[in-house]
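So the chains spell out like this:
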Amino acid sequence: MDREKKKADIKSIVRAYGTIFALAFVIIIFGVLNPRAFLSSTNFWNITRQMAILCIISLGATLIMSVEEFDLSVGNIASFSGVLSALFAISGMPFIASLLISIVISAFVGFVNGFIVTKFRVMSFIVTLAMGQVIYGFTYWLSDGAIVFNGIPQSFKVIGTGKIGPVPYLTVLMVIAIAIFHYLMTRTAMGRKLYAIGGNEMASRVAGIKVNAYKTLAFTVSGAMAGFAGVLLASRIGSASPTGGDAYMLNSYATIFIGKTLFKEGIPNVLGTVVGVALFTILANGLTIMQVPTFVQNIVTGVIIVFAVVFQMVGSGRND
């Protein structure tokens, strides 16, 4: 009996903190293999800057996952927003204006996604996948299928490349976003209602929660965050590609699935998502420092995604 209890306790610990153990293991491995480069303060701040864009997209997607829906258009929205803001900047529009307009338009796309999903009760992954293709078409049309870079003013690049001392602006924005979303999901009625909807939508309706309104709000916020991330990405690299944000869609949901094994088991949560983002980013950073080919990094990323999904399903007991 004691042996079975110990096994259960160990399984519970691994299930609850396995991702943190994995993160620590990755840090130790790269720290041992190349301590001078990997453990330097410069690389630390570089990692936080690399985390920022994926984290911001993932925070918005965490809201979507909390109501048991998907938004497969976030990558396309990020690409679109980056191109749109870059074109605004080239036309002479101030950075703040180009940022805000791009975010508002992206939020509107998210609103349309949410409206269609809730009004017509269409599966979210179908609606958002189709919307992603629509947005991709507009992005391709705006950019003529080419990377937008010629004529982008230096002022557009400041927020993506600037620093406060050693701390990148992107890192500061990421920390602020994490704090806001963590408070939103853990300390407000909105967060409790989103979790209630994800836990039992029918019971939430009976309890008087405006399910359609909160789901639409989640899609709207997700679109806005994807748009915000797209502008930051374009600012960081000083150009905007019509496919620049596409890879963030898969990675964002992978980080959320990884995070679902932490803190609130089986439930999307902000701190878990941040740990997932850190794991992905540090792994990519370490492999790059070790000069591992890109295709190997893609293989490793894919394997992590598969293990994250399987581990989450096993931990929740849904494989029974």
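Located above this text is the structure these notes cover.
Residues numbered from 1 in each chain as written. Predicted model: local features only at pLDDT ≥ 70, side-chain atom pairs only at ≥ 80, totals over all residues. Heavy atoms only, no water.

Chemist: With reference to specific residues and values, describe helix H6 (residues 124–143).
Modeler: Taking 1.5 Å per residue, 20 residues should reach 28 Å; H6 reaches 28 Å between its end C-alpha atoms and fits that length. Ser124, Val127, Thr128, Met131, Gly132, Ile135, Thr139 and Ser143 are the residues of H6 that are buried. Angularly, the buried residues of H6 cover 135 degrees about the axis, an arc narrow enough to put them on a single face. Across H6 from its buried face, at more than 90 degrees, point the exposed residues Gln133 and Trp141. Of the surrounding secondary structure, the elements contacted by the buried residues of H6 are helix H4 (74–90), helix H5 (95–120) and helix H11 (211–237). Following H6 by one or two positions, aspartate 144 adopts a phi angle in the positive range, close to 60 degrees. (Helix = DSSP H or I, 4+ residues; strand = E, 2+ residues; numbered from the N terminus. Expected span 1.5 Å × (residues − 1). Buried < 20%, exposed > 50% of the residue type's maximum accessible area, 1.4 Å probe, protein only. Arc of directions from axis to C-beta. Contact = heavy atoms within 4.5 Å.)

Chemist: Go over the side chain of threonine 48, please, and point to the residues and values.
Modeler: Tracing the backbone shows threonine 48 in helix H3 (residues 41–66). The contacts of threonine 48, once residues within four sequence positions are left out, are Pro168, Thr171 and Met174.

Chemist: Explain the pattern of salt bridges residue by residue, including any values.
Modeler: Scanning all chains against the criterion turns up three salt bridges. Here glutamate 201 ties to arginine 205 by a salt bridge, and the two come within 3.0 Å at their closest N and O atoms. Within this pair, glutamate 201 and its partner arginine 205 are both found in helix H10 (residues 201–206), separated by four residues, close to a single helical turn. Here glutamate 201 and lysine 215 are joined by a salt bridge, their closest N and O atoms 2.8 Å apart. Placement of glutamate 201 in helix H10 and of lysine 215 in helix H11 is noted, with a sequence separation of 14 residues between them. (Salt bridge = Lys/Arg side-chain N within 4 Å of Asp/Glu carboxyl O.)

Chemist: Go over the environment of glutamine 297 with me, naming the residues and quoting the values.
Modeler: Position of glutamine 297 relative to the elements: it lies in helix H14 (residues 294–316). Taking the C-alpha atoms as reference points, glutamine 297 and asparagine 200, 97 residues apart in sequence, are found 38 Å from one another. A polar side-chain atom of glutamine 297 sits 3.5 Å from a polar atom in the side chain of threonine 288. (Polar contact = N/O pair within 3.5 Å; in protein donor to acceptor, adjacent residues only side chain to side chain.)

Chemist: Requested: an account of the environment of valine 274, with residues and values cited.
Modeler: With respect to the helices, strands and loops of the structure, valine 274 is situated in helix H13 (residues 270–289). Through-space distance from the C-alpha of valine 274 to that of phenylalanine 228 is 17 Å; in sequence the pair is 46 residues apart. Apart from the residues lying within four places of it in its own chain, the contact partners of valine 274 are Met51, Cys55 and Ile178.

Chemist: Break down unusual backbone geometry for me, with residues and values.
Modeler: For arginine 121, which is not glycine, the phi dihedral falls at a positive 55 degrees. Position of arginine 121 relative to the elements: it lies in the loop between H5 and H6. Arginine 121 sits in the exposed class, given a relative accessible area of 58%. With a phi angle near 60 degrees, glutamine 291 is a residue other than glycine that sits in the positive phi range. Checked against the element boundaries, glutamine 291 lands in the loop between H13 and H14.

Chemist: Break down the nonpolar core for me, citing the residues and quoting the values.
Modeler: Counting residues in hydrophobic clusters, the biggest one holds 85 residues, and the most contacted among them are Leu59, Leu63 and Leu194. With near-sequence residues (within four places) excluded, leucine 63 lies in contact with Phe181, Leu184, Met185, Met190, Leu194, Ala218 and Val221. (Core = buried A, V, L, I, M, F, W, Y, C linked by side-chain atoms within 4.5 Å.)

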